[in-house]
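Observations on the model geometry
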Amino acid sequence: HGIGGVVGSLLTGFFATQEVNPIIADEGVVISGEFDLLIANTLSVLAVAGFSLVMTFVIIKIVGLFTPIRVAAEEETRGLD
């Protein structure tokens, strides 16, 4: 979902057109030559990526309070297969 969402969001910034969706205010770079929509979508993708990174870290720390995240060094040395 992450890669597909990023690619879709960025390509929308390139190819969005009012012919397909008359409600949109800004058209894509290929259609209008303006970068407003592409910049907005790029900033949105970066914001979501940053939020996901921070929240994943928080969730891992919370789970780590209740159960170990890593296996023991001995188990790791023997192999995890």
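These notes cover the structure that comes with them. Just so it is clear, the model here is predicted, and its values are computed rather than measured. (Residues numbered from 1 in each chain as written. Predicted model: local features only at pLDDT ≥ 70, side-chain atom pairs only at ≥ 80, totals over all residues. Heavy atoms only, no water.)

**Concerning the overall build of the protein chain**
- Per the secondary structure count, the protein chain includes four helices and zero strands.
- When the helices and strands of the protein chain are placed in sequence order, the string is α-α-α-α.
- For 81 residues, the compact-globule formula gives about 12 Å, and the C-alpha radius of gyration of the protein chain, at 21 Å, lies well above that figure.
- Dimensions of the protein chain along its principal axes, counting C-alpha atoms only, are 60 × 25 × 20 Å.
- Residue burial in the protein chain is summarised as follows: out of 81 residues, 11% are buried.
- Within the protein chain, residue pairs in contact and separated by at least 24 positions form 27% of the contacts whose partners lie at least 6 positions apart. (Helix = DSSP H or I, 4+ residues; strand = E, 2+ residues; numbered from the N terminus. Rg over C-alpha atoms; globule rule 2.2 N^0.38 Å. Buried < 20%, exposed > 50% of the residue type's maximum accessible area, 1.4 Å probe, protein only. Contact = heavy atoms within 4.5 Å.)

**Describing the pattern of salt bridges**
- What the rule picks out here adds up to one salt bridge.
- Across the pair E76 and R70 runs a salt bridge whose closest N-O atoms are separated by 2.7 Å.
- Judged by relative accessible area, E76 falls into the partly exposed class, the value being 38%. (Salt bridge = Lys/Arg side-chain N within 4 Å of Asp/Glu carboxyl O.)

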